[in-house]
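# Close look at the chain arrangement
For reference, the chains in residue letters:
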Amino acid sequence: MSPERTVATLDRRTILKASLLAGGGLALDALIPLSAEAWDAVEGKTTVPAELSAFVAIAADGTVTIASKNPEIGQGVKTSLPMMVADELDCDWSQVRIAQADVDQQRYGEQSAGGSTATPKNWLPMRQTGAAARAMLIQAAALQWRVAPGEVTTAKGRIFHAASGRSVGYGEVASAAARLAPPDLKTVPLKDPAQFTIIGKPLVGIDSARIVKGEPIFGVDTRLPGMLYAVYEVAPAHGGRLVKADTAAARRAPGVRHVVPIFGNGDPDTGLADGVAIVASNWWLANQARSKLAAVWDLSAAKGHSSTVYSAQADAAIAAGAGSDLRVDGDPAAQLASAARRIAARYDYPFIAHAPMEPQNCTARYRDGRLEIWAPSQTPQRGLETLHKALGIAPQTVTLHLTRAGGGFGRRLMNDYMVQVAAIAKAIPGVPIQLVWSREDDIRRDYFRPGGWHSFQAGIGANGELIAFSDHFVTFGDGKTPARAAGFNASMPPAGLIPHLRYSQSMLPTVVTTGALRAPGSNALCFASQSFLDEVALAAGTDLPHLMLRLLAEPREIAPHDNGVPFDTARARSVIEKVVQTSGWVQKPAQSGRARGFAFYFSHRGYFAEIVEASVAGGDVTVHKVWVAGDVGSQIVNPLGAENQVRGAVIDGLAQALTGQAIEFVDGVVQQSNFDDFRLARMPMTPEIEIAWVRSDKAPTGLGEPALPPVIPALTNAIFAASGTRIRSLPVRLKSA
Amino acid sequence: MGASMPYRLTINGAVRHVDVPSEMPLLWVLRDELGLVGTKFGCGKGLCGACTVHVDGAAKRSCQLPVGSVGHAKIQTIEHIGATAIGARLQQAWLKIDVMQCGYCQAGQIMSACALLGQVAEPSDDQINSAMAGNICRCGCYNRIRSAIRIAAGMEGEGSGRVA
């Protein structure tokens, strides 16, 4: 970057930097503090500085290069965020090149993928940056032509002066623009959405053309001269520690170059799990040599951590009473006792794994006191923090390249593989090491979506109205704080919609690592609560969409119970009404054997109502069609990507319910291992999926997650309507019933 | 495991020499010996289809194919499939409706689809489901994979709306 640069400090923290590109052209960096509203969009807030940065460079030949700062895990941000910049810049999409940025907190602020936050956080800053670049180009052209900037227009990367018939390409004035002071981001004019030429258009993903040709693009495709391949054998049980390892036989195995026992702190959450690295000339040879290892593990911490034990402990916790209160509105105990009708039911769901198709992997080279890493991580900056804590590697000595990730789903929020490969690379200086987990490693050493149990009660009044509701949630945790992603949502409907309500919680200890899985919390809470509310609706003589509409009542915003975002009942109503309309809702269509179920949920700022049509025959469930109505604000940024996210979420949810997904433990040892005993959706079970967008006047929000939660109870409610069997435990198991 | 042996393989029309144990699956010969990383590792047990290649035109899971059993068969991988008429049509169809999300499984999906269209020019939905059932897409792009196969087979236009 040329040292010649102009800097405008707009307020205490907003900084635009314009510089002259090497070879001519304009480079614009923007470090922009997030608005309070955008920061509110972040569920599960972190301490990461609330700043964003964009980078756009316009070369003399008119090529526009936009940095993609966030990890691309299949959610489409590498395409959709640059679309926001490019539209306000008013260039043609064919001029745009997208460069994956390395990890650089100073330059880019937060770089992460999680919580469906990229769209709400970036919607304004990305557009403002594009608009600022456009304003500078206009100013440069106006100066050159000696006309007022207001007389100048732009289209497709060219600047026009209609009065004199002159025009010039962006590239031709980019160097001149680089010498101008950047405008005030806050006042730079943004397009009326009706003028968008790129946002809202169905655009093909920026990497798609490379993917269909099999070009190297994923983390596991990284190839470096002299690279060796590693596996990392860890304790068979969660919480296990390495005592000693006899590595002699493994060392003699074909292709093996190094065998390295590694003693971590035993806590993969904050550090490094103990293990033995086997490093070979070929990954398969390294993996084969595992059978030659003779390691002694201390598995005492895992004793008794079995699924059957957890179930019995949950039974005992429910029998013992309601646990600790999380929220009490009105007088639920008295109202439940005096209700005309009271119903109660228990629900539960298992631990499940993320199982992204690209197994966990990471590549690293330690040389001359510096570490270079190639990582498919959703939170690379947190990875740097963990490297520092676990291995004492200072962040400023690390160069971290982001690769495309073959699926995330929340698994790559954790950086355990990054710490492992760094430890191995540090032990073998100068040699690039690629650590790849086997599928069995990936299933067994996941940060699982934790299982949970719910004991519900509802009181129904004489007129069929829901007057009181309670849920005693049994989850995992240390007694004070729930385990990662094992918390409750005290704003969960019907909270805020009825006068008398109690939410309470008990915790069971676990040695198993847990973590966020796509729509964390919501993916399980929605199943339990919307299934039980379906029971309530039927008991009250109505159906769930109409019960929900009655509860939502008049349009209003309901404040969150704790950290979170307000719940807009009007937006909830509109998606419910929409899906009722698009599906022509009836619980039991005339066609024999088919029935429909409904569910609604609000998560990650998105409002989704979904209807599943299914049939049940001989214990087999067939899903025929799914209708989805969603409100994620005023604008769908890339309809092609957005619809894919919704279809994927629907299929993901159906798979969680219908393919038998459950991770089970015996003394901390995971009993499942691969896609034969932890199954995923396959093409034959894929139904038709019809999506309808409801456009509200709110700023756009994210789509990686909120379409998932409702599909599971919509399915199980359909199964009840079709068969009379109420599914109160996931996964769906009709044959054994 | 036996000692390393020299093998002469025909991959994507070129002769390649490797020196590996006969039990080594073709997947790991492609990825770690020859640098052809388009073929993906997903499960190692023939359960997910990410490693699908063509062996004399038939779709095979390369993670289950010991290099010693390949013999003189012609191997084709995703890197070369665009050189075939069906492969090129599939790649174009994949891009026309942007099938993929993360994209990791798509090489295997395209290789399976290519073998299908090589056998059945205009497959029924049941034939598509059956031929593709061995390929997992964790992101759930199945509606679009089905559609892209029909587009490549000339059975469906871009705007037919059957993607839903």
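Residues numbered from 1 in each chain as written. Chains lettered and ligands numbered in written order. Predicted model: local features only at pLDDT ≥ 70, side-chain atom pairs only at ≥ 80, totals over all residues.

### Considering the interface of chain A and chain B
- On the side of chain B, 49 residues touch chain A, which itself brings 51 residues to the contact.
- Counting only elements with at least two residues in the side of chain A that touches chain B, the list comes to helix 6 (208–211), helix 8 (283–288), helix 17 (639–658) and strand 31 (688–693) of chain A.
- Sorting elements by how many residues they give to the side of chain A that touches chain B places helix 17 of chain A first, with 6 residues.
- Tallied by class, residues from the side of chain A that touches chain B come to 25 nonpolar, 13 polar and 13 charged. (Contact = placed C-beta atoms within 7 Å. Helix = DSSP H or I, 4+ residues; strand = E, 2+ residues; numbered from the N terminus. Nonpolar A, V, L, I, M, F, W, Y, C, P; charged D, E, K, R; others polar.)

### Considering the domain arrangement of chain B
Residues and elements named next belong to chain B.
- With domains assigned, chain B is organised as domain 1 (5–80) and domain 2 (82–152).
- Each of domain 1 and domain 2 was reduced to a C-alpha centroid, and the two centroids are 20 Å apart.
- Every contact between the two is made by 16 residues of domain 1 and, on the other side, 13 residues of domain 2.
- Listed by contribution, the elements that provide at least two residues to the side of domain 1 that touches domain 2 are strand 3 (52–55), strand 4 (58–61) and helix 2 (78–81).
- No other element matches the 3 residues that strand 3 contributes to the side of domain 1 that touches domain 2.
- Of the residues contributing to the side of domain 1 that touches domain 2, the split by class is 7 nonpolar, 8 polar and 1 charged. (Domains from an automatic or database assignment.)

### Details of the sheet that holds strand 7 (residues 152–155) of chain A
All names here are of chain A.
- Read from one edge to the other, the open sheet built from 3 strands follows the order 7-8-9, with strand pairing classed as antiparallel. Bordering the open sheet on either side are strand 7 and strand 9 (166–169), each of which pairs with just one other strand. Averaged over neighbouring strand pairs, the angle between their axes works out to 25° when direction is ignored.
- Of the strands in this sheet, strand 7, strand 8 (158–161) and strand 9 are in contact with helix 4 (residues 118–145), which crosses strand 7 at around 130°.
- Contacting strand 8 and strand 9, helix 5 (residues 170–177) runs over the sheet at an angle of about 75° to strand 9. (Pairing = 2+ DSSP bridges. Axes fitted to C-alpha atoms, helices over the stretch in contact; angles between N-to-C directions.)

### Here's the deal with the domain arrangement of chain A
All names here are of chain A.
- In terms of domain boundaries, chain A breaks down into domain 1 (5–198), domain 2 (219–300 + 360–436) and domain 3 (321–352 + 448–723).
- Listed by partner, the interface residues are 14 residues for domain 1 and 16 residues for domain 2.
- Split by residue class, the side of domain 1 that touches domain 2 holds 5 nonpolar, 6 polar and 3 charged.

### A few points about the sheet that holds strand 28 (residues 620–631) of chain A
All names here are of chain A.
- In spatial order, the strands read 26-27-28-31; together these 4 strands make up an open sheet with mixed pairing. Two strands in the sheet have a free side with no partner beyond their single neighbour: strand 26 (594–603) and strand 31. Looking at each pair of strands side by side, their axes are set apart by 20° on average, direction ignored.
- As paired elements, strand 26 and strand 27 (residues 606–617) share 10 bridges and run antiparallel to each other. Bridging across to strand 27, Phe600 finds its partner in Ala609.
- Helix 18 (residues 711–723) contacts strand 26, strand 27 and strand 28 of the sheet and is inclined by roughly 155° relative to strand 26.

### A closer look at helix 14 (residues 522–539) of chain A
All names here are of chain A.
- Taking 1.5 Å of rise per residue, 18 residues should cover 26 Å, and helix 14 covers 25 Å from first to last C-alpha, within 8% of that figure.
- Within helix 14, 16 of the 18 residues are buried, which leaves the element mostly enclosed by the surrounding structure.
- At the C-terminal side of helix 14, Gly541 shows a positive phi close to 80°. (Expected span 1.5 Å × (residues − 1). Buried ≥ 20, exposed ≤ 12 C-beta atoms within 10 Å, placed from the backbone.)

### Quick word on the environment of Gly461(A)
All names here are of chain A.
- Along the chain, Gly461 turns up in the loop between strand 21 (452–460) and strand 22 (466–476).
- For Gly461 and Val670, which are 209 residues apart along the polypeptide, the C-alpha to C-alpha distance reads 46 Å.
- Beyond its immediate stretch of four places on either side in the chain, Gly461 contacts Ala339, Ala340 and Ile467.

### Quick word on the confidence of the model for chain B
Residue and element names in this part refer to chain B.
- Here chain B shows a mean pLDDT of 95. Residues at 70 or above account for 96%.
- Note that pLDDT drops below 50 for residues 160–164; the model gives that stretch 10 contacts with residues more than four away or on any other chain.
- Interface confidence for the predicted complex, expressed as ipTM, amounts to 0.97; the pTM equals 0.95. (pLDDT = per-residue confidence, 0-100.)

### Structural notes on unusual backbone geometry
Residue and element names in this part refer to chain A.
- For the bond from Pro493 to Pro494, the omega torsion is 15°, close enough to zero to count as cis.
- Tracing the chain through its elements places Pro494 in the loop between strand 22 and strand 23 (500–508).
- Residue Pro731 follows Leu730 across a cis peptide bond; omega there is -5°.
- Its identity is not glycine, yet Ala553 carries a phi of approximately 55°, on the positive side.

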